[in-house]
Amino acid sequence: MLPDHLKEKRLQFREWLETATDADCKQRAEEMAKQCRDVTGADALDPLLFAIAAGWLDEALPLACDGRAYLRAVGLAKRVCRAEWWRRQLMRQSIRAMEGKEYGWGYIGKTGAYISSAGLWRMSQRKARSDAAIAAAEVISPDGEAIPLQAIIESSIANPKNKRLELVVRMKGIAEWCQRGGYVAYAVTLTAPGAFHRLRTVEDASGEKRLVDNPAWRDTSPQDTHKYLCARWAEFRALMAKADVPVIGLRTVEPHKDGTPHWHLVLFMRPNHARLLLTALRGKFLQTLGDERGAAKRRVLIERIKPKKGQDMTYAAVAYAIGYISKNLDGKGVQGDTEAGTDAVNGAQRATAWARLWGIRQFQTFGAPSITVWRELRRVRDEVAEVLRKAAEHKSEHVAEAAKGLLAGNAAPLGRCATEAMRGGHADVLELLTIMRNINLAGWKANADAEALGECWTAADQGQFRRYMHAMKKAPVSLLKEERENTYGEPVKIIRGLVGPSGESVITHEDGWTVKWGKVKDESHRAQPGRVAAQPQPLGLVALTVTGEAGRGLEPEKYAAENPLAGGWSPGVDHRANVRRLITDQQQRKKAAPKAKGKKYSFWKPGEFRQTQAGDGV
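Let me sum up the structure you'll find in this document. What you see is a predicted model; the values in this text were computed from it and never measured. (Residues numbered from 1 in each chain as written. Predicted model: local features only at pLDDT ≥ 70, side-chain atom pairs only at ≥ 80, totals over all residues. Heavy atoms only, no water.)

A closer look at the pattern of salt bridges
Our working rule: Salt bridge, as used here, is a side-chain nitrogen of Lys or Arg placed within 4 Å of a carboxyl oxygen of Asp or Glu. Segments assigned H or I by DSSP are reported as helices when at least four residues long, segments assigned E as strands when at least two residues long, and all are numbered from the N terminus. Relative accessibility decides the category of a residue: with a 1.4 Å probe and only protein chains considered, values under 20% of the type maximum give buried, values over 50% give exposed, and everything between is partly exposed.
What the rule picks out here adds up to 25 salt bridges. Note that Asp 213 is salt-bridged to Arg 198, the shortest N-O span being 3.7 Å. Taken together, the positions of Asp 213 in strand β5 (residues 209-213) and Arg 198 in the loop between β3 (184-190) and β4 (199-203) put the pair 15 residues apart, joining distant regions of the chain. On the accessibility criterion, Arg 198 (9% relative accessible area) is buried. One salt bridge connects Arg 496 with Glu 482, and the closest N-O pair in it is separated by 3.2 Å. Here Arg 496 is found in strand β11 (residues 491-499), whereas its partner Glu 482 is found in strand β10 (residues 478-485), with 14 residues between them in sequence. When salt bridges that share partners are traced, they join Asp 22, Arg 122, Arg 126 and Arg 129 into one network.

Here it is in structure tokens:
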């Protein structure tokens, strides 16, 4: 059981989070960071121990004896002294607490689809502030060249248009590769048990459907539901890997109207593996409460993707996937969002805001080569070829004709154009043609980086994902990483480039790039329409997960067994002794597995069921 003073702090802070604005979080973060910085002591962990003793952290970092764990603890001690770190934690927890309250009241789905009006407004305000900051920022190259940050972001996958196109290219390549391998495609929809859904759909006598409260709901959040689905999926993937059965495809996560997530999958499999794979999939996702009413009919829906006349499997599978990609990204090419009852663009905006609010990854491919390597390969450019392509658009006909000839592998136009330029006295044109002649003599096609990366680079540069999958099996390319210290003194690995099949390295990330942020007017103090700005409250507990899973959606008593601050803790002057005792208690709890008895279901961890005895307080 939690001590009474911690229960009170937790309750006060939970109430504060539900009404706190972003400006409140910023102010509170400054206060918390200042108090941690004011802690003086010989031990580097003193700020962390102070934050734990004050009840601000929900879990203590396990301070094992190995050096890496100690460095993580020191890094966390430095974090708690930084206001920006606290601000990020508070802003994330506050909007989720507010949205969790709206979700728990059952307002989402009845008053608006996927996300509450307050949550959508707050996410849109954050995006507006972010866009304003990006518009005022510049990226400075090592040579001193200033590039607008907005231009860089618009050309990256942060742009929804680019992200959608990349997903379609990847899906098309996967489908082509599977079709050549004789695979078959299935469309699968996975839904969590009824106890995860805040609302349920009923049909009245007139046939009209409406949402009503679900009495079986077990106080879970959308994030808990997604974790449950991820856990079942991980078990299924491990089972298939053990059986040496390949699982390839795309996963899309989208919300029901009440904000509860469900999955849509496009699965490719060999025909002789279909029965085993689909049976195992159904078994894993019906393992929990599989005997509830309607579970077999609604929770795992499987349908074979059959191409229509004149189509192939690639076309049919990609067409199915594009619908869900566009619906949950930008609404491009979608007639409307029937579940939300809105137009496609509005539905996509609400779905995207919902995913960002809860920290849910909307799209993920599996069974395919690394997408990070693909993106790094596309950063490598044949600079000489790009120069010739630009020269092919030159205003001088001589330069353009010579460049087109070299791109086509024909050097004859270059000699003819050079002779004509010399006779006409065009010195500037002749200078460009001379450069092109030197490039041709040097063998411009033999780009060093491209050769080092082999067929993988050629496939990625041309946007051919099927060819890339084939090349990665024959002569794979890997990431080149370098270990460095971050701001908090922790060792982290960063991507520096790529390693080709022969072991030769190609650098894709140069040092020396910096971001120069401009001045942006801060309007975070503006109160949300229809809501009262929160009043300052005493400092309380931050619902923060450092390691392990957080106890969202659970009452303190239910979460006590997983919380190192839960039992037998009386804060005193010697914070180190208290924290070390908590760590010992935590390790002992991990060794003691809970006993499962009875037939009543409740939650032991977020998104997980356990059987408990009646009257255990759940």
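Having seen the structure, we can now continue with the description.
Details of the packing of aromatic side chains
Cut-off, in case you're wondering: Only centres within 6.5 Å qualify two rings of Phe, Tyr or Trp (six-membered ring in Trp) as a pair; their planes then separate them into stacked at under 30 degrees, edge-to-face at over 60, and tilted for everything else. In this analysis the charged atom, NZ for Lys or CZ for Arg, is taken to sit over a ring once it is within 6 Å of the ring centre and within 35 degrees of the ring normal.
For the structure shown, the criterion picks out 12 aromatic pairs. Measuring from centroid to centroid gives 5.1 Å for Trp 233 and Phe 366, while their planes differ by 65°, and the two rings are edge-to-face. Of this pair, Trp 233 sits in helix α9 (residues 222-242) while Phe 366 sits in strand β9 (residues 363-366), and the two are 133 residues apart along the sequence. Take Trp 233 and Phe 366: they sit in the same class, and that class is buried. With 5.2 Å between their ring centres and 65° between their planes, Trp 374 and Tyr 468 make a pair best called edge-to-face. Residue Trp 374 is found in helix α14 (residues 371-377), and its partner Tyr 468 is found in helix α20 (residues 465-474); the two are separated by 94 residues along the sequence. Over the ring of Trp 16 we find Arg 28; its NZ or CZ atom is 4.1 Å from the centre of that ring. Over the aromatic face of Trp 263 sits the side chain of Arg 251, whose NZ or CZ is 4.7 Å from the ring centroid.

A few points about a positive patch on the surface
Rules: Here the term patch refers to residues with relative accessible area over 30% and no salt bridge, with like charges joined within 9 Å and nonpolar side chains (Val, Leu, Ile, Met, Phe, Trp, Tyr) within 5 Å. Only the protein chains shown count as covering a residue, and every accessible area follows the Shrake-Rupley method with a 1.4 Å probe. Working convention for charge: Lys and Arg count positive, Asp and Glu count negative, and His plus the chain ends are omitted. Charged groups are reduced to one reference atom each: NZ for lysine, CZ for arginine, CG for aspartic acid, CD for glutamic acid.
Taken together, the side chains of Arg 200, Lys 209, Arg 293, Lys 297 and Arg 298 define a basic patch exposed on the protein surface. Mapped onto the fold, Arg 200 is located in strand β4.

Examining the packing of helix α16 (residues 397-407) against helix α17 (residues 412-424)
The cut-off we apply is this: For helices, the axis comes from a line fit to the C-alpha atoms of the stretch in contact; other axes are also lines fit to C-alpha atoms, and the angle between any two N-to-C directions lies between 0 and 180 degrees. Roughly parallel refers to an angle under 35 degrees, roughly antiparallel to one over 145, roughly perpendicular to one between 65 and 115, and oblique to any angle outside these ranges. Left-handed describes a crossing whose near helix is turned anticlockwise from the far helix by less than a right angle; the clockwise case is right-handed. When checking whether two residues touch, look at their non-hydrogen atoms; a contact exists if any pair is within 4.5 Å. Only Asp, Glu, Lys and Arg are considered charged in this grouping, and only Ala, Val, Leu, Ile, Met, Phe, Trp, Tyr, Cys and Pro are considered nonpolar; every other residue, Gly among them, is considered polar.
Packing of α16 against α17 leaves a shortest axis separation of 8 Å and a crossing angle of 165°. Viewed along their axes, α16 and α17 adopt a mutual orientation that is roughly antiparallel. In the packing of α16 onto α17, the handedness of the crossing is left-handed. Residue-level contacts link His 398, Glu 401, Ala 402, Gly 405 and Leu 406 of α16 to Pro 413, Leu 414, Arg 416, Cys 417 and Glu 420 of α17. When the residues that make up the contact of α16 with α17 are grouped by side-chain class, the tally is five nonpolar, two polar and three charged.

Considerations on the side chain of Asn 328
Heads up, the rule is: We call two N or O atoms a polar contact when they sit within 3.5 Å, provided that within protein one can donate a hydrogen and the other can accept it, with sequence-adjacent residues counted only if both atoms are side-chain atoms.
With respect to the element layout, Asn 328 can be found in the loop between α12 (313-327) and α13 (344-358). Residue class for Asn 328 comes out buried when judged on its relative accessible area of 2%. A distance of 3.0 Å separates polar atoms of two side chains, one belonging to Asn 328 and the other to Glu 254. Non-local contacts of Asn 328, meaning those with residues more than four positions away in its chain, are made with Thr 252, Val 253, Glu 254, Pro 255, Ala 348, Ala 351, Thr 352, Gln 362 and Phe 363.

Looking at the sheet that holds β11
Put simply, the rule reads: Pairing between two strands is assigned when DSSP locates at least 2 bridges connecting them.
Spatially, β10-β11-β12 is the arrangement adopted by the three strands of the open sheet, whose pairing is antiparallel. This sheet does not close on itself; its edge strands, each paired only once, are β10 and β12 (505-507). Looking at each pair of strands side by side, their axes are set apart by 50° on average, direction ignored. In the sheet, β11 pairs with β12 via three bridges, with the strands oriented antiparallel. Paired with Leu 498 across the bridge in β12 is Val 506.

Some remarks on the nonpolar core
To be explicit about the condition: The nonpolar core is taken to be a set of buried Ala, Val, Leu, Ile, Met, Phe, Trp, Tyr and Cys residues, with the residues joined through side-chain atoms within 4.5 Å.
Residues Trp 233, Leu 267 and Leu 277 are the most contacted members of the largest nonpolar core, which totals 43 residues. Secondary-structure elements contributing two or more residues to this core are α5 (83-105), α6 (117-135), β3, α9, β7 (261-269), α10 (274-285) and α13. Ile 305, Trp 374, Ala 452 and Met 469 belong to the second-largest nonpolar core, a separate cluster that totals 42 residues.

Here we look at the sheet that holds strand β6 (residues 248-255)
One open sheet holds the five strands; their spatial order is β8-β3-β7-β6-β9, and the pairing between them is antiparallel. Taken across any chain shown, the strands that pair with only one partner, and hence form the sheet edges, are β8 (300-304) and β9. This sheet shows a mean twist of 15° between the axes of neighbouring strands, independent of strand direction. Pairing between β3 and β7: seven bridges, direction antiparallel. Bridging from a neighbouring strand, Ala 187 pairs with Val 266 of β7. Along the sheet face, α9 touches β6, β7 and β9 and points at about 20° away from the line of β7.

Points about the environment of Asp 258
With respect to the helices and strands, Asp 258 occurs in the loop between β6 and β7. Distance from Asp 258 to Gly 106, taken between C-alpha atoms, is 7.6 Å for residues 152 residues apart in sequence. Filtering out sequence-adjacent residues up to four positions away, Asp 258 remains in contact with Tyr 103, Ile 108, Gly 109, His 197, Arg 198 and Leu 199.

Some thoughts on unusual backbone geometry
Even without being glycine, Asp 219 reaches a positive phi, approximately 60°. In this fold, Asp 219 is placed in the loop between β5 and α9. Residue Asp 219 is classed as partly exposed on the basis of its relative accessible area, which comes to 30%.

Let's talk about the pairing of β6
Within β6, eight of the eight residues are buried, which leaves the element mostly enclosed by the surrounding structure. Here β6 shows a buried face lined by Ile 248, Leu 250, Thr 252 and Glu 254 and a second buried face lined by Gly 249, Arg 251, Val 253 and Pro 255. Alignment of β6 against β7, held across eight bridges, turns out to be antiparallel. If you follow Leu 250 over to β7, its bridge partner there is Val 266. Two successive antiparallel strands, β6 and β7, enclose a turn made up of five residues, where Gly 259 displays a positive phi of approximately 95°. Sheet topology note: the β6/β9 ladder contains four bridges and is antiparallel. Counted as the bridge partner of Leu 250 is Thr 365 from β9.

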